[in-house]
Amino acid sequence: MPKIGNIELPDFPLLLAPMEDVSDPPFRKLCKEQGADVVYTEFISSEGLIRDAAKSVIKLDIYEKERPVGIQIFGAELDSMLQAVDIVEKSNPDIIDINFGCPVKKVVSKNAGAGILRDIPLMVKLTEEIVKRTKLPVTVKTRLGWDQSSIKIVEVAERLQDVGIEAISIHGRTRVQMYKGEADWKPIAEVKNNQRMHIPVFGNGDVDTPEAAVKMRDEYGLDGAMIGRASIGYPWFFKEVKHYFKTGEHLAPPTMQERVEAARRHLQMAIDWKGEKLGVFETRRHYTNYFKGIPHFKEYRMKMVTSDDAADVFAAFDEVQEKFGDYQFA
Ligand SMILES: Cc1cc2nc3c(=O)[nH]c(=O)nc-3n(C[C@H](O)[C@H](O)[C@H](O)COP(=O)(O)O)c2cc1C
């Protein structure tokens with residue numbers, strides 16, 4: 001069974017990927033309830049944290065019930081990263097994760113995120129110092145490389161392991177690919193097959209069906225799957241994958257009542273956590289998937305995603321339950 005430091009995980013664990021404006025405490029809690037084995041916060045700027053920027057600091061909030069939880073930080077300045085580690089530790093997460101994979105221009109232009117894939121010695125140095133600074137297990141999330149011609153992920157992963165990380169999650173795309181094309185899991189399998197690797201190697205990118213998760217486990221031999229987009233507005237994905245592992249059969253999709261209930265709880269937790277305005281706004285992106293496939297749904301979806309008033313959104317949920325309560329999801 002894979003372990004991250006002393007954290008024992010089940011066979012082929014499913015990890016909720018860090019996702020900006022998605023992987024917040026309410027959503028992580030829903031995913032945990034549906035079977036996610038490890039959850040991560042969205043990336044948090046080390047520079048923001050050390051300046052006590054409220055927008056960064058609120059992202060450190062964690063619920064006891066979501067453990068084990070990793071807090072993900074990004075940056076490229078050693079001093080800032082180390083100070084950020086000290087701040088993160090006070091929130092008492094189970095894991096500190098370093099983001100070496102974000103492809104966004106404003107991040108990579110400062111050598112942070114995937115930008116650091118152009119400077120492997122700096123990547124290794126930062127990681128080594130962070131590992132030394134904290135007693136918590138440190139994990140890394142990264143991509144295959146900067147571009148197709150510079151993929152050295154087998155060597156990079158080994159060097160990161162040698163400076164003390166406890167697990168690595170690899171998104172099977174390069175920075176240049178951004179989110180285009182298909183994720184390539186072959187180089188991730190090469191990392192796993194390196195005889196010197198002994199830490200868990202988790203695969204990431206395009207695990208969007210239970211069959212894909214089985215393929216990652218059985219054909220590519222990876223230690224677990226990190227799941228991002230397939231879970232947005234669909235926290236049941238974790239349960240569905242686990243059911244498929246156990247039985248080889250697909251679980252029936254959640255009923256309308258379960259979906260409305262999850263949407264309601266999601267919104268309520270978001271409001272409790274960050275207030276009505278932000279709670280209403282940031283939960284919007286999940287509704288499309290919560291209610292995917294229902295014909296003639298536009299009018300209701302518009303109500304959910306345009307109103308700033310929580311009462312209106314809750315009323316829209318009630319209406320949906322009443323009007324489409326018997327709808328059979330495929
Ligand atoms: C909306 C969104 C936000 C993301 N934010 C982060 C982030 O904060 N940190 C990170 O390491 N990756 C981030 N990612 C990348 C995902 O963690 C993941 O690597 C990527 O989506 C591929 O996995 P998937 O195919 O399962 O979605 C983000 C992806 C999406 C779609």
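Every value quoted in this text rests on a predicted model; they were computed, and no experiment measured them. (Residues numbered from 1 in each chain as written. Predicted model: local features only at pLDDT ≥ 70, side-chain atom pairs only at ≥ 80, totals over all residues. Heavy atoms only, no water.)

Examining the pattern of salt bridges
Right, on to step 1. Within the structure shown, the criterion is met by 26 salt bridges.
Right, on to step 2. For Arg67, the salt bridge identified is with Glu64, shortest N-O distance 3.0 Å.
Right, on to step 3. For the salt bridge of Arg173 with Asp206, the shortest nitrogen-to-oxygen distance reads 3.0 Å. Placement of Arg173 in the loop between β8 (167–171) and α8 (186–193) and of Asp206 in the loop between β9 (201–204) and α9 (210–218) is noted, with a sequence separation of 33 residues between them.
Right, on to step 4. What makes Asp206 partly exposed here is its relative accessible area of 26%.
Right, on to step 5. Taken together, the salt bridges that share partners define one network made up of Lys125, Glu128, Glu129 and Lys132. (Salt bridge = Lys/Arg side-chain N within 4 Å of Asp/Glu carboxyl O. Helix = DSSP H or I, 4+ residues; strand = E, 2+ residues; numbered from the N terminus. Buried < 20%, exposed > 50% of the residue type's maximum accessible area, 1.4 Å probe, protein only.)

Some remarks on the sheet that holds strand β7 (residues 138–143)
Across a sheet, strands are paired by hydrogen bonds formed along the backbone, either parallel or antiparallel in direction.
Right, on to step 1. If you walk around this closed barrel you meet the 8 strands as β3-β4-β5-β6-β7-β8-β9-β10, and the pairing is parallel. Along the sheet, successive strands turn relative to each other by an average axial angle of 25°, direction set aside.
Right, on to step 2. Of the pairings in the sheet, the one linking strand β4 (residues 38–45) to strand β5 (residues 69–74) comprises 5 bridges and is parallel in character. Residue pairing for β5: Ile44 is matched across the bridge by Ile73. (Pairing = 2+ DSSP bridges. Axes fitted to C-alpha atoms, helices over the stretch in contact; angles between N-to-C directions.)

Section: helix α11 (residues 256–274)
Right, on to step 1. The end-to-end C-alpha distance of α11 is 27 Å, a good match for the 27 Å that 19 residues give at a rise of 1.5 Å each.
Right, on to step 2. When α11 is considered as a whole, its buried residues turn out to be Met256, Arg259, Val260, Ala262, Ala263, His266, Leu267, Met269, Ala270, Ile271, Trp273 and Lys274.
Right, on to step 3. Two residues or fewer past α11, Gly275 is found with a positive phi of approximately 90°. (Expected span 1.5 Å × (residues − 1).)

Notes on the site of the ligand
Right, on to step 1. Near the ligand lie 18 residues; those nearest to it are Pro18, Glu20, Asn204, Asp206 and Arg229.
Right, on to step 2. The separation between a nitrogen atom of the ligand and a polar main-chain atom of Glu20 is 2.8 Å.
Right, on to step 3. Within the complex, the protein chains bury 89% of what would otherwise be the 610 Å² of accessible surface of the ligand.
Right, on to step 4. Grouping the amino acids of the shell around the ligand by side-chain chemistry returns 6 nonpolar, 6 polar and 6 charged. (Near = heavy atom within 4 Å. Polar contact = N/O pair within 3.5 Å; in protein donor to acceptor, adjacent residues only side chain to side chain. Areas by Shrake-Rupley, 256 points an atom, 1.4 Å probe, with all protein chains shown as cover. Nonpolar A, V, L, I, M, F, W, Y, C, P; charged D, E, K, R; others polar.)

Structural notes on the nonpolar core
Right, on to step 1. Ranked by size, the top nonpolar core spans 91 residues in total, and within it Ile168, Val207, Tyr287, Phe291, Met304, Phe317 and Val320 carry the most contacts.
Right, on to step 2. Each residue touching Val320, except ones within four places of it in the same chain, is listed here: Met256, Val260, Phe291, Phe297, Tyr300, Met304 and Gly325.
Right, on to step 3. Leu9, Ala17, Val38 and Phe202 belong to the second largest nonpolar core, which has 11 residues in total. (Core = buried A, V, L, I, M, F, W, Y, C linked by side-chain atoms within 4.5 Å. Contact = heavy atoms within 4.5 Å.)

Description of the pairing of β9
Right, on to step 1. Taking every second residue as pointing to the same face, both faces of β9 are buried, with Val201 and Gly203 on one and Phe202 and Asn204 on the other.
Right, on to step 2. Regarding topology, α8 serves as the crossover connection from β8 to the parallel β9, and that connection is right-handed.
Right, on to step 3. Regarding topology, α9 serves as the crossover connection from β9 to the parallel strand β10 (residues 224–227), and that connection is right-handed. (Right-handed = clockwise from strand over helix to strand, strands pointing away.)

Side note on the environment of His250
Right, on to step 1. In this structure, His250 sits in the loop between α10 (237–247) and α11.
Right, on to step 2. Along the sequence, His250 and Lys274 sit 24 residues apart, while their C-alpha atoms lie 36 Å from each other.
Right, on to step 3. Leave out the neighbours within four places in its chain, and His250 touches Pro210, Glu211, His243 and Tyr244.
Right, on to step 4. Side-chain polar atoms of His250 contact the side chain of Glu211, separated by 2.7 Å.

Structural notes on the UniProt feature "domain: DUS-like FMN-binding" (unreviewed entry) in the protein chain
Right, on to step 1. Under the local residue numbering, the UniProt record ascribes the feature "domain: DUS-like FMN-binding" (unreviewed entry) to residues 15–313.
Right, on to step 2. Annotation note: span residues 15–313, helix share 45%, strand share 14%, distance between end C-alpha atoms 30 Å. (UniProt positions renumbered as here; feature names shortened; annotations may be inferred.)

Regarding empty space enclosed by the protein
Right, on to step 1. Within the structure shown, the criterion is met by 1 cavity of 30 Å³ or more.
Right, on to step 2. Counted as a void, the largest cavity has a volume near 30 Å³.
Right, on to step 3. Lining the largest cavity, in full, are Ser23, Asp24, Pro25, Arg28, Thr41, Glu42, Ile58, Lys59, Asp61 and Trp273.
Right, on to step 4. Sorting the residues of the lining of the largest cavity by element identifies α1 (25–33) and β4 as the ones contributing at least two each. (1 Å grid on protein atoms, 1.4 Å probe; cavity = no way out; pocket = protein on both sides within 12 Å on 5 of 7 lines; lining within 4 Å. Points joined across faces, edges and corners; volume = space filled by probe spheres on them.)

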